[in-house]
Number of protein chains: 4
Amino acid sequence: MRDEWFIRGDVPMTKSEVRAVSVSKLELPCDGVLYDVGAGTGSVAIEASRLLTEGRVYAVERNPEALSLIAENRARFQADNITVVCGEAPKALEGLERPSHVFLGGSGGQMEEILKEILERNPAVRIVANVIALESLCEILNLAGRYGLETEVVSVQVARARKTGAYHLMQGQNPVYVIAMERGERKEGGEGH
Amino acid sequence: MRDEWFIRGDVPMTKSEVRAVSVSKLELPCDGVLYDVGAGTGSVAIEASRLLTEGRVYAVERNPEALSLIAENRARFQADNITVVCGEAPKALEGLERPSHVFLGGSGGQMEEILKEILERNPAVRIVANVIALESLCEILNLAGRYGLETEVVSVQVARARKTGAYHLMQGQNPVYVIAMERGERKEGGEGH
Amino acid sequence: MRDEWFIRGDVPMTKSEVRAVSVSKLELPCDGVLYDVGAGTGSVAIEASRLLTEGRVYAVERNPEALSLIAENRARFQADNITVVCGEAPKALEGLERPSHVFLGGSGGQMEEILKEILERNPAVRIVANVIALESLCEILNLAGRYGLETEVVSVQVARARKTGAYHLMQGQNPVYVIAMERGERKEGGEGH
Amino acid sequence: MRDEWFIRGDVPMTKSEVRAVSVSKLELPCDGVLYDVGAGTGSVAIEASRLLTEGRVYAVERNPEALSLIAENRARFQADNITVVCGEAPKALEGLERPSHVFLGGSGGQMEEILKEILERNPAVRIVANVIALESLCEILNLAGRYGLETEVVSVQVARARKTGAYHLMQGQNPVYVIAMERGERKEGGEGH
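It should be emphasised that the depicted structure is a prediction, and the values quoted were computed from it without experimental measurement. (Residues numbered from 1 in each chain as written. Chains lettered and ligands numbered in written order. Predicted model: local features only at pLDDT ≥ 70, side-chain atom pairs only at ≥ 80, totals over all residues. Heavy atoms only, no water.)

### A word on the overall build of chain A
- Across its full length, chain A carries 5 helices and 8 strands.
- Ordering the α and β elements of chain A from the N terminus gives α-β-α-β-α-β-β-α-β-α-β-β-β.
- Judged by the C-alpha coordinates and their principal axes, chain A covers about 55 × 35 × 35 Å.
- In chain A, buried positions account for 60% of the 193 residues.
- By sequence separation, contacts in chain A at least 24 residues apart represent 69% of the contacts at least 6 residues apart.
- For chain A, the accessible area works out to roughly 7,400 Å², and carbon and sulfur atoms hold 47% of it. (Helix = DSSP H or I, 4+ residues; strand = E, 2+ residues; numbered from the N terminus. Buried < 20%, exposed > 50% of the residue type's maximum accessible area, 1.4 Å probe, protein only. Contact = heavy atoms within 4.5 Å. Areas by Shrake-Rupley, 256 points an atom, 1.4 Å probe, with all protein chains shown as cover.)

### Digging into the relation of the copies chain B and chain A
- In screw terms, the move from chain B to chain A is a rotation of 180° and a rise of 0.0 Å along the axis, fitting with an RMSD of 0.0 Å. These values place the two chain copies in the arrangement generated by a two-fold rotation axis.
- Looking at chain B, 100% of its interface residues are interface residues in chain A too, so the copies touch through the same face. (Least-squares fit on C-alpha atoms with pLDDT ≥ 70 in both.)

### Brief notes about the state of the cysteines
- Taken as a whole and judged by the stated rule, the model has 2 disulfides over all chains.
- Paired by a disulfide, Cys138(A) and Cys138(D) hold their sulfur atoms 2.0 Å apart. On the S-S bond that ties Cys138(A) to Cys138(D), the torsion sits near -100°, and the link is left-handed. One end of the pair, Cys138(A), is in helix α5 (residues 134-146); the other, Cys138(D), is in helix α5 (residues 134-146), on a second chain. One exposure class covers both Cys138(A) and Cys138(D), and it is buried.
- Cysteine Cys30(B) remains unbridged, with the sulfur of Cys30(A) as its closest cysteine sulfur at 15 Å. (Disulfide = S-S within 2.5 Å.)

### A short note on the relation of the copies chain B and chain C
- Superposition record for chain B on chain C: RMSD 0.0 Å, screw rotation 180°, translation along axis 0.0 Å.
- Taken together, the interface assignments show that 100% of the residues at the interface of chain B recur at the interface of chain C, consistent with an identical surface on both copies.

### Some words on helix α4 (residues 111-121) of chain A
Residues and elements named next belong to chain A.
- Within α4, burial applies to Met-111, Ile-114, Leu-115, Ile-118 and Leu-119. Projected down its long axis, α4 shows its buried positions confined to an angular sector of 120°, all on one face.
- Here the buried face of α4 lies against β1 (33-37), β4 (101-104), β5 (126-131), α5, β6 (149-164) and β8 (176-183). (Arc of directions from axis to C-beta.)

### Overview of the interface of chain B and chain C
- Each side of the interface is counted separately: chain B has 8 residues, and chain C has 8 residues.
- Buried area between chain B and chain C, both sides added, is near 670 Å², and the carbon and sulfur share of it is 72%.
- Where chain B meets chain C, there are 0 salt bridges.
- Where chain B touches chain C, the interface holds 1 residue pair in polar contact (both at pLDDT 80 or more). (Buried area = accessible area lost by both parts, 1.4 Å probe. Salt bridge = Lys/Arg side-chain N within 4 Å of Asp/Glu carboxyl O. Polar contact = N/O pair within 3.5 Å; in protein donor to acceptor, adjacent residues only side chain to side chain.)

### A word on the interface of chain B and chain A
- With 48 residues of chain B at the interface, the matching set in chain A holds 48 residues.
- Interface area for chain B against chain A, summed over the two sides, is near 3,700 Å², with a carbon-plus-sulfur share of 47%.
- For Glu27(B), the salt bridge goes to Arg2(A), with nearest N and O atoms at 2.4 Å.
- The interface formed by chain B and chain A includes 17 residue pairs in polar contact (both at pLDDT 80 or more).
- Going through the elements one at a time, α1 (16-26), α2 (43-49), β6 (149-164) and β7 (167-172) of chain B are the ones with two or more residues in the side of chain B that touches chain A.
- Ranked by residue count, the leading element in the side of chain B that touches chain A is β6(B), at 13 residues.
- Looking at the side of chain B that touches chain A, its residues break down into 19 nonpolar, 12 polar and 17 charged.
- Inspection of the sheet shows β6(A) paired to β6(B) by 7 bridges, in the antiparallel sense. Paired with Ser155(A) across the bridge in β6(B) is Ala159(B). (Nonpolar A, V, L, I, M, F, W, Y, C, P; charged D, E, K, R; others polar. Pairing = 2+ DSSP bridges.)

### What about the environment of Thr164(D)?
All names here are of chain D.
- Summarising the element assignment, Thr-164 is placed in strand β6 (residues 149-164).
- You can call Thr-164 partly exposed: its relative accessible area is 37%.
- Separated by 3.3 Å, the side chains of Thr-164 and Arg-162 make a polar contact.

### Observations regarding helix α3 (residues 64-76) of chain C
Residues and elements named next belong to chain C.
- Helix length check: α3, at 13 residues, gives a terminal C-alpha distance of 18 Å against a target of 18 Å (1.5 Å per residue), a fit within 8%.
- Taken together, the buried positions of α3 are Ala-66, Leu-67, Leu-69, Ile-70 and Asn-73. Looking down the long axis of α3, one finds its buried residues gathered within 160° of arc, a one-sided arrangement. Facing away from the buried side of α3 by over 90 degrees, the exposed positions are Pro-64 and Ala-75.
- Considering only its buried residues, α3 is in contact with α2 (43-49), β2 (56-61) and β3 (82-86).
- Backbone geometry just downstream of α3 places Gln-78 in the positive-phi region, at approximately 50°. (Expected span 1.5 Å × (residues − 1).)

### Considerations on the pairing of β5(A)
Residues and elements named next belong to chain A.
- Counted residue by residue, β5 has 6 buried out of 6 residues, so it is predominantly covered.
- Of the two faces of β5, both are covered, the one formed by Arg-126, Val-128 and Asn-130 as well as the one formed by Ile-127, Ala-129 and Val-131.
- Two strands pair when backbone bridges link them, and β4 and β5 are joined in this way by 4 bridges, in the parallel orientation. Within β5, the residue paired with His-101 across the bridge is Arg-126.
- Bridging between β5 and β8 involves 5 bridges; their strand directions are antiparallel. Directly across from Asn-130, in β8, lies its bridge partner Val-178.

The quantities given are spatial measurements derived from coordinates; they are silent on function.
Dropping the structure here:
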């Protein structure tokens, strides 16, 4: 989904290409339950909601400006299977339906508490995180080791052409680390199609 | 969708991350009609078919080994909305339903003929191509200019971590150019959700 | 050499990492004669001049602001083996000593004329070009084919960490194509050390 | 310097482009004293030795096969200002001349001990490390913090064209993190030219 389709304000948004890769790494079945933690504009929640034809997304966000953007985007895309949750994870996750999948776009410095809470709720949960800070990358790898999570790490570096007259000038985007985590051996199969 | 989920043989396959970006750039509505030209293992066709809940994919391929892989993958993923078409584009496209979208994974050197045929059938078609050869990139940019197509070009460079003991060693994948093309101004909107 | 070491003004400058790769691809012997065409701030000329202990750089530039920056940087680094040449290539190259190496940072749209002139002066010249526009890349590959030049093409994509508090945030630079060209077979050897 | 110029055997070698960036980040004055720790084939030592017209390189390596390659390459390039040191850092560094610069190509798991030893010998030393493992990147950032080193981190991702008939196919190299470290504020200037 194109970035310009979303109402954005000044809230940072995962770029189209990285969003596509991240949603793909979630490997959502159509009846999955996804937490989008630090949902920002809600772009990941909305792109994921399209695949969750029988499932649900909980978009958790503490920033009021972002919250209203999520609500607007939810309406714009008629993404009725998104529940917007106001508050800070992991506290805001209490009482929500058990997740099958979690996307971590921003952790607000509570990475370990969030991971712990999620894994307690569902030890078989699949988690995908986006990070751009090297220190966050290190922290996640550390936590994954401590909590016995198998990790798949990719870095995605995109360059987009900007047109200037007859020329396409390639412009580098920021590289993003996309980390998928899951306990034990990853299951083979194309389930959820 | 994970690369290992597909039956592959020796046929080259678009890698998971590039496939996700490419399918995303197609911007498929649920009732779209997609031609996957040079379908290879059928991985793009299958990933796209999931979004085309009321649409159809025509997976066109001339290589017999690839054709049987597509058929196997189609069965494995129960992707009943994929029609496997044996033959070489543009000739093999004759008689098929009018396309709303086209993915060009491989053109077999018939790029211009294919573009021409597709644009005649539907001047508003949206086309996404993957190229890794610089000469193919140049050819597409040339053709896009000649046929009045607006282009969006991104290069996607992915590195994947390989685990060796306690270490994640980043390994570079080949960069792929993903080129989206469409006539005239691109429409605003989140239709097809 | 660090970017901040150079006096820059508003003239675009090859970034440190790409400059290092480009100068390395020139494979300058200590007695080489280098033309730096479209010299900009002179940063490539100056980095190369350090290796040319018995050689010379001709820094060719038509933009008056850039010319004065080159002169300032030349003085700052005491790079006495740089001759600053005012004018537009290929015309400005007339009368200059025969080049053994050429760096093309900017061609001002005269790529073919420049290549022709250079190759006439020295058919064994080694040329390195930096391009960021896809169309310029295509043009160079075309010209290289037409003039019988062997090419080595690399794309260099650098991300630099920006520090924000305790975090290193990786930020993408624009990818640059570095193209080395030479007639016939490239010679083996470590000559010029 | 081209990779093929070096005698290599089976010892892993820093690739040409990353070597150029790494040597550039060292910012060697002509009278510098460089330790190349984990020198491998000696390619960094040799490329650096060319700039050290009045200085010296100590190439430290523990692997016997690599040691003989360094010696051969040293002879091939007549790099008389390289001293080959057999042994494991930091122990092997004892008794050597005080370093102004250090390149860490491989630490053999003794990163902290090496850093400590080097900084004791010269608190103003400039260190450049190459890492490909995320865990090593994390370790270096940690150590840099603990030892009060300012860091500059870049990741370099190179793709090289492979020619197949008339086509240039871009092939991804492994991304390498190049980390430059120095105590306190980095000095301005173009000294050492």
